[in-house]
Every structure is written in structure tokens, then in C-alpha cells.
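Chain by chain, the residues run as shown.
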Amino acid sequence: MTSASHICLETSCSSFNVESDIVLVVDASNAYDQATFEQLRSFLYSFVASFTVSPLDTQVALYAYGSSAQTVASLNDGSSLGSIQAKINTTLKYQGSSERNLFQALTKVQAEVSSMSGLRSADYKKVLVVISGDAWSGNAVIGSSVLTQLKQKFNVILSVGFGLKAVTNLNSQLTQLTTASMNTFFAATPDQLPYVSAWIATLSCPGVQFSTPAPPPTTVPTQSPSVSCPLASLSYDVYLIVDVSNKASAADFAAMKTAIHNFVAPFAFGDLAANFALVTTGIDSQLFFTNFHNGQSRSDVLTAVDGLLQDDVPGQTLNLALNAIQGYLSQPSSASKKVLAYFTSTTAWDVSPTATMSSLKSKYSLSPMAVQWGASASTSDLTNLVGGAACVNAVSNKASAATWLQNKMCSKVFC
């Protein structure tokens, strides 16, 4: 599911043409059972095979962590496919510990990954990938000097949350590991790991994300006169779930992003004002990093919304998207209300999300609303999902979706 975007479906180069030094750091703790860890091992075995592994192309190093950090393979070891696959099969160990000492593993990476162990010149892209299954133990990683040093050593740092525990317990920490807001991917189940593979390969391509420009300052917009209250006075937590499947035309998808932008822009932002979380849903679901309750600014949210990419395939994993926000919902919040706005052109869900939505409404007092952006989304399904027709904005009124949502929030009357 994070801020890893769906660029995995729009690859910038073939993985066989990647020329990078890739360092993988893998959770070997009891975040997973032994059987799930073996599925992770199989993923790693297939992942390295998707590259041309050689001293002149891609090299792969591998580290693992649990109660202790393990060097599985250096970049020198990972300069041939047979060698790195053998290390994955025989050297990588399942520790099964309740401890997850990522700090120790990253310290090891910082100390060991150098020209002596195979790190090549600046002509080769440097990519660090951290795969985590549950909350870390040991010394704090976020804000540490080790993380600062690694961000100077590597061009790109990516984080992957694998498993439901990661979705619940690491949704804010993983994003803070990375070098850009789009660099976190949540894969709740093993069948989503192929998307992780394509995503890592894309961000390992030459010229992709070598530097991340700072977003331009945003002008504070004026709200529509048809909105019945000052939006800057509302201290709501707003969960945006956006359909990025191919069910909308490219022009319609762009218009939907504009509507979401216009909905978000007039609010005041900050821990005592409005905060917006963003999840996209299509063939997979993904939680974006927007500094939710972490000093969030208007540009944090609008940059993420404006940068959304559309999938070129159908799919709607809304139930997975709802699971992705539970970590945020469970945290203490100063918000006076928690609302959800679901923009969609389809209700062809892979799994019915209705029971999960009902549970979130009951457990966290979440108030959902739906914007029927495309006619192929069933009005009755959306009505059933959110709890009433009064909380569904019909496709015939989609041009006024932003003000409709804003007025619903002003009225404080939900379903």
C-alpha cells in the first residue's frame, strides 16, 4: 500500500538495464512466522533475478536484523547472480526474535558498505531498501546520526512495510526513513510483493529521484462563498481515499485530482487545525506520507495530491486501504471529528469493505462520505458503504464535489 506511488506500473527503464548498487536490509524477527519469512526469502531470490547482476551492472548486498544484525552478503558477494542467490538461500537466517534492532543493522551498513566491500563510483546509483514487519526495538533510528549519514551515502532510500503489523505499527516511522515522500510501500500480504519488486526497480533506474526539489510555496486560497462556515476553524482529521484505477479517463482522473485539490486547499493546517491522510487504491493500496499530525503543511498534502498517478489496469482494494488508516485512527488526536472522503469511479471491490467500514465507524467514530466520480461506481453500493444516501455525492453533482464535502463538514451531520 505508501507512499510508494503506483509508478511501479509506469517503469522508467527495464530492470535488466539498471546499473545500481542496491543494499537490502530485511526484518528476520517474529514479525512474521517461519512460513511467511520463507515467502519473503522467495521474493528476494526472484527480485535479484530481475536484474542483470554483474560488476558492471547491478550489485546487491543483503543485511538482516532481529535480536542482532547479520551481514548476509556484501556488494562484492552480490556481484554475480549465482552468488547472491546462494547467500539468500543458505546464509539468510530466520531469527524469530521479539527484538527488531534496525539501528544495529543500519550502523552495520554505514560501517561496512564502502569501496572496500564493492561500493562503486558516483556513476552508479546507490539505493538502500529497508523491509520491516513490525515496530523496531533498540536505539531510535529516526533522527539518528546514522540515518543522516546514510542519507548522504545513498541517492535513494526506500522503505517497505510487509505484513499487517507494519501497516498498524510503522506507518509514520517508515516514511521518515526515506529520502522522499513517495518512497514507502506497504504490502500487507505476500501476493503484493511482486509490486514491491517493480517499484524498487523503477526507483533504481538512472535519473529517477536523484534529487527531490522542494515544493514551491502555496498561496493560501479563499474558500467558496457557498460554503457555510469558515473552514479554517475546523480541526478535523480527514482521510482521503482516492481511486487510481483505469476506470476513469485520463481527463476525468485529472479533473478528480483538481477537485480534491480544491477541497483540501482552503483549510488551515497543523496539529490544532485540519490534518489530511492520503491513501490511493487500485490494484493495490498505498498510504502516502503527508506529515499527518507531524507539523503538516498545506504543501505536504497538495504536493502529494497533485502528484498522483493513474494505474493502467482496473482494480479496487478498498478494504486494504481502510486497513491502512487504522494505525492513524488508533492514535490520540486533538481533532474534533474524524471524517473519510472516498473518491471513486468504480465499486468493483476485490473484497467487500462494508464490514471494515462499519467497524471503523463504531470503533473510532469515523464519519465516511463518498464522491461518485464515475457512473460505473454503484450508487447503492456507496450508500451501503457510508451508511446513507445523504453521504454520497452523485456523479451528476461531481463538479461541485469540493464544496459539497466542505458543507458536509460544516454541517457536522453525517450518516
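Quick caveat: nothing in here was measured; it's all calculated off a predicted structure.

So, the environment of Val 129
Relative to the helices and strands, Val 129 resides in strand β4 (residues 125-132). A sequence separation of 102 residues divides Val 129 from Leu 231, and the C-alpha atoms of the two residues are 40 Å apart. Residues contacting Val 129, with those up to four places away along its chain left out, are Ile 22, Val 23, Leu 24, Val 25, Leu 158, Val 160 and Ile 200.

Some details on the packing of helix α3 (residues 102-112) against helix α4 (residues 145-153)
Closest axis-to-axis distance for the α3/α4 pair is 10 Å, and the angle between their directions is 45°. In terms of axis orientation, α3 runs oblique to α4. Taken as a pair, α3 and α4 cross one another with a handedness that is left-handed. Here Phe 103, Leu 106, Thr 107, Val 109 and Gln 110 of α3 come into contact with α4, specifically with Val 146, Gln 149, Leu 150 and Lys 153. Taken together, the residues that form the contact of α3 with α4 break down as 5 nonpolar, 3 polar and 1 charged.

Some points on the UniProt feature "domain: VWFA" (unreviewed entry) in the protein
As annotated by UniProt and renumbered to match this structure, "domain: VWFA" (unreviewed entry) occupies residues 21-200 and 237-413. Spanning residues 21-200, this segment combines 37% helix with 21% strand, and its end C-alpha atoms are found 12 Å apart. Taken end to end, residues 237-413 is 37% helix and 20% strand, and its two terminal C-alpha atoms sit 16 Å from one another.

A short note on the side chain of Gln 59
For Gln 59, the position within the fold is in strand β2 (residues 59-65). Among the polar contacts made by the side chain of Gln 59, one reaches the side chain of Asp 21 at a distance of 3.0 Å.

What about the pattern of salt bridges?
The final tally for this structure, using the stated rule, is 5 salt bridges. Arg 100 is paired through a salt bridge with Asp 134; the nearest N and O atoms lie 3.6 Å apart. A residue pair is termed long-range when its members are at least 10 positions apart, and Arg 100 in the loop between α2 (81-91) and α3 and Asp 134 in the loop between β4 and α4 qualify at 34 residues. Accessibility classification places Arg 100 together with Asp 134 in one group, the buried group. Note that Lys 108 is salt-bridged to Glu 112, the shortest N-O span being 3.1 Å.

So, the sheet that holds strand β12 (residues 392-393)
Hydrogen bonds between backbone groups are what pair the strands of a sheet, and the pairing can be parallel or antiparallel. The 6 strands lie next to each other as β9-β8-β7-β10-β11-β12, forming an open sheet whose pairing is mixed. Among the strands making up the open sheet, the edge pair consists of β9 (285-288) and β12. By the bridge criterion, 7 bridges tie strand β7 (residues 236-243) to strand β10 (residues 337-344) in an arrangement that is parallel. Looking across to β10, one finds that Val 238 is bridged to Val 339.

A word on the state of the cysteines
This structure, assessed with the given rule, holds 2 disulfides. Through a disulfide, Cys 229 is tied to Cys 410; the S-S separation comes to 2.0 Å. Classification of the bridge connecting Cys 229 and Cys 410 rests on its S-S torsion, roughly -75°, and on that basis the disulfide is left-handed. With Cys 229 in the loop between α7 (193-203) and β7 and Cys 410 in helix α14 (residues 401-411), this residue pair connects regions lying 181 residues apart in the sequence. Taken as a pair, Cys 229 and Cys 410 share a single burial class, namely buried. With a sulfur-sulfur separation of 2.2 Å, Cys 391 is cross-linked through a disulfide to Cys 415. Taking the sign of the S-S torsion, about 105° here, the bridge from Cys 391 to Cys 415 comes out right-handed. Of this pair, Cys 391 sits in the loop between α13 (379-386) and β12 while Cys 415 sits in the segment after α14, placing them 24 residues apart in sequence. On the basis of relative accessibility, which here comes to 0%, the residue Cys 391 falls in the buried class.

Describing the side chain of Ser 117
Among the structural elements, Ser 117 can be located in the loop between α3 and β4. Classification of Ser 117 by relative accessible area gives buried; the value is 14%. In contact with Ser 117, not counting residues within four places along its chain, are Ser 74, Leu 75, Asn 76 and Glu 112.

So, the nonpolar core
Across soluble globular proteins, nonpolar side chains show a tendency to be buried alongside one another. Of all hydrophobic cores here, the largest spans 96 residues; its most connected members are Val 25, Leu 106, Leu 128, Phe 263 and Phe 276. Among the domains, domain 1 (20-204) and domain 2 (231-410) are the pair contributing at least three residues each to this core. Core analysis: the second largest hydrophobic core is formed by 40 residues, Leu 92, Ala 187, Leu 203 and Val 208 among them.

Overview of the pairing of β2
Taken across its 7 residues, β2 has 7 buried, putting it largely inside the fold. Neither face of β2 is left uncovered, since the one carrying Gln 59, Ala 61, Tyr 63 and Tyr 65 and the one carrying Val 60, Leu 62 and Ala 64 both have all their residues buried. Examined bridge by bridge, strand β1 (residues 20-27) and β2 share 7 bridges and lie parallel to one another. What sits directly across from Ile 22, in β2, is Val 60. On the question of chirality, the crossover connecting β1 to the parallel β2 by way of helix α1 (residues 34-49) is right-handed. The pairing of β2 with strand β3 (residues 69-73) spans 4 bridges and is antiparallel. In the strand pairing of β3, Ala 64 is matched with Gln 70. The antiparallel pairing of β2 with β3 creates a hairpin that spans 3 residues between the two strands.

Conventions adopted
- Residues numbered from 1 in each chain as written.
- Predicted model: local features only at pLDDT ≥ 70, side-chain atom pairs only at ≥ 80, totals over all residues.
- Heavy atoms only, no water.
- Helix = DSSP H or I, 4+ residues; strand = E, 2+ residues; numbered from the N terminus.
- Contact = heavy atoms within 4.5 Å.
- Axes fitted to C-alpha atoms, helices over the stretch in contact; angles between N-to-C directions.
- Parallel < 35°, antiparallel > 145°, perpendicular 65-115°, else oblique.
- Left-handed = near helix turned anticlockwise from the far one by under 90°.
- Nonpolar A, V, L, I, M, F, W, Y, C, P; charged D, E, K, R; others polar.
- UniProt positions renumbered as here; feature names shortened; annotations may be inferred.
- Polar contact = N/O pair within 3.5 Å; in protein donor to acceptor, adjacent residues only side chain to side chain.
- Salt bridge = Lys/Arg side-chain N within 4 Å of Asp/Glu carboxyl O.
- Buried < 20%, exposed > 50% of the residue type's maximum accessible area, 1.4 Å probe, protein only.
- Pairing = 2+ DSSP bridges.
- Disulfide = S-S within 2.5 Å.
- Core = buried A, V, L, I, M, F, W, Y, C linked by side-chain atoms within 4.5 Å.
- Domains from an automatic or database assignment.
- Right-handed = clockwise from strand over helix to strand, strands pointing away.

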